[in-house]
Amino acid sequence: LWVHECESVFADRFISEEDHTWFRTVLDTELRSNFNTSFSQLCSNRGEGLSDVFVFGDYVDSSAYPRKYQEVTSLPALKTCMNEFIEEYNAQSQQPMHLVMFRQAIRYVSSISRILRQPKGNALLIGVGGSGRQSLTRLAAFMADYDTFQIEITKKYGQQEWRDDVKKVLMMVGLENKPVVFLYVHIICIYMHVSPLGPDDGWP
């Protein structure tokens, strides 16, 4: 769990393999000094498909209350769990998602899920267009039993529409006490020349 949380807090922000290699070395040093084990020893007990990846989540048994944040050690079991959520989502949504849950996608969903389940959880997801950031976020929100509110850009969308959408989200969260994921893409800030807080916050 300690290794997983360290990787989630620090390593998920790295952008090069060199940084990840350095971080694994640091983790191994700390494990040997403070836990009388090593990174390779921890990996030797991993299940199929997850020999070098640590995955924790509270979505495996979504019926439990409170949910248990626990380790998942089998990639096939994790893939089955994700596919069941996708099927359930598609059965309820007017915009079904056709996702192929390979290992990296599963890990991304788990990371997003971990963030969303934290108080005031928020994330900046960086990647090329069409890489699945929005779809994986919707899936993670569904797994957490959260509503998703997403802005739809039109030619007439401007600062007033932005403020109205923010009001809607605040009403859902504050007045109706609903857990909500506010999902929007960076083009909104560029398109309107505003920050999420307002037009005069120093954004381009």
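Our structure is the block above this text.
Criteria and thresholds
Residues numbered from 1 in each chain as written. Predicted model: local features only at pLDDT ≥ 70, side-chain atom pairs only at ≥ 80, totals over all residues. Heavy atoms only, no water. Helix = DSSP H or I, 4+ residues; strand = E, 2+ residues; numbered from the N terminus. Buried < 20%, exposed > 50% of the residue type's maximum accessible area, 1.4 Å probe, protein only. Contact = heavy atoms within 4.5 Å. Areas by Shrake-Rupley, 256 points an atom, 1.4 Å probe, with all protein chains shown as cover. Core = buried A, V, L, I, M, F, W, Y, C linked by side-chain atoms within 4.5 Å. 1 Å grid on protein atoms, 1.4 Å probe; cavity = no way out; pocket = protein on both sides within 12 Å on 5 of 7 lines; lining within 4 Å. Points joined across faces, edges and corners; volume = space filled by probe spheres on them. Nonpolar A, V, L, I, M, F, W, Y, C, P; charged D, E, K, R; others polar. Phe/Tyr/Trp six-rings, centres within 6.5 Å; stacked < 30°, edge-to-face > 60°. Salt bridge = Lys/Arg side-chain N within 4 Å of Asp/Glu carboxyl O. Expected span 1.5 Å × (residues − 1). Arc of directions from axis to C-beta. Polar contact = N/O pair within 3.5 Å; in protein donor to acceptor, adjacent residues only side chain to side chain.

Topic: the overall build of the protein
If you tally the helices and strands in the protein, you get eight helices and four strands. The burial tally for the protein puts 35% of its 204 residues in the buried class. Put simply, 56% of the contacts in the protein that link residues at least 6 apart link residues at least 24 apart. If you sum the accessible surface of the protein, you get close to 13200 Å²; carbon and sulfur atoms cover 54% of it.

What about the nonpolar core?
Core analysis: the largest hydrophobic core is formed by 27 residues, its most contacted members being Tyr59, Met82, Met101, Val109 and Leu139. Those elements that provide at least two residues to this core are α4 (75-92), α5 (103-116) and α6 (133-143). If one sorts the elements of this core by residue count, α4 sits on top with seven residues. Core analysis: the next-biggest nonpolar cluster, separate from the first, contains nine residues, Cys6, Ala11, Leu31 and Phe54 among them.

As for empty space enclosed by the protein
In this structure the tally under the stated criterion is one cavity of 30 Å³ or more. Along its surface, the largest cavity is lined by His4, Glu7, Ser8, Asp12, Phe54, Val55, Phe56, Arg107, Ser110, Ser111 and Arg114. Among the elements of the structure, α1 (2-9), β1 (55-57) and α5 are those that each provide at least two residues to the lining of the largest cavity. Top contributing element to the lining of the largest cavity by residue count: α5, with four residues. For the lining of the largest cavity, the residue count by class is three nonpolar, four polar and four charged.

Quick look at the packing of aromatic side chains
Within this structure, the stated rule accounts for 11 aromatic pairs. Here Phe14 and Phe23 contribute two aromatic rings whose centre-to-centre distance is 5.6 Å and whose plane-to-plane angle is 75°, an arrangement assigned as edge-to-face. Taken together, the ring pairs in this structure connect Phe10, Phe14, Trp22 and Phe23 into an aromatic cluster.

A word on the pattern of salt bridges
Under the definition given, this model contains eight salt bridges. Of the charged contacts, one joins Glu7 and Arg24 as a salt bridge, the two residues approaching to 2.7 Å between their closest N and O atoms. Taken together, the positions of Glu7 in helix α1 and Arg24 in helix α2 (residues 17-34) put the pair 17 residues apart, joining distant regions of the chain. Given the relative accessible area of 27%, Arg24 is considered partly exposed. Measuring nitrogen to oxygen at the nearest pair gives 3.8 Å for the salt bridge that ties Glu7 to Arg107. Placement of the pair is Glu7 in helix α1 and Arg107 in helix α5, with a sequence separation of 100 residues. One continuous salt-bridge network, built from bridges that share partners, spans Glu7, Arg24 and Arg107.

A word on α4
Taking 1.5 Å of rise per residue, 18 residues should cover 26 Å, and α4 covers 26 Å from first to last C-alpha, within 8% of that figure. Restricting attention to buried positions, one finds in α4 the residues Leu75, Leu78, Cys81, Met82, Phe85, Ile86 and Tyr89. Buried residues of α4 fall within an arc of 135° about the axis and therefore sit on the same side. Looking at α4, the residues exposed on the side facing more than 90 degrees away from the buried face are Glu84, Glu87 and Ala91. Of the surrounding elements, those touching the buried residues of α4 are β1, β2 (70-72), α5 and α6.

Brief notes about the side chain of Ser38
You can see Ser38 is positioned in the loop between α2 and α3 (39-43). Judged by relative accessible area, Ser38 falls into the buried class, the value being 2%. Engagement of the side chain of Ser38 in a polar contact is seen with the side chain of Ser40, the distance being 3.1 Å. Setting aside its immediate chain neighbours within four residues, Ser38 contacts Asp28, Leu31 and Arg32.

What is shown is where atoms sit, not what they do.
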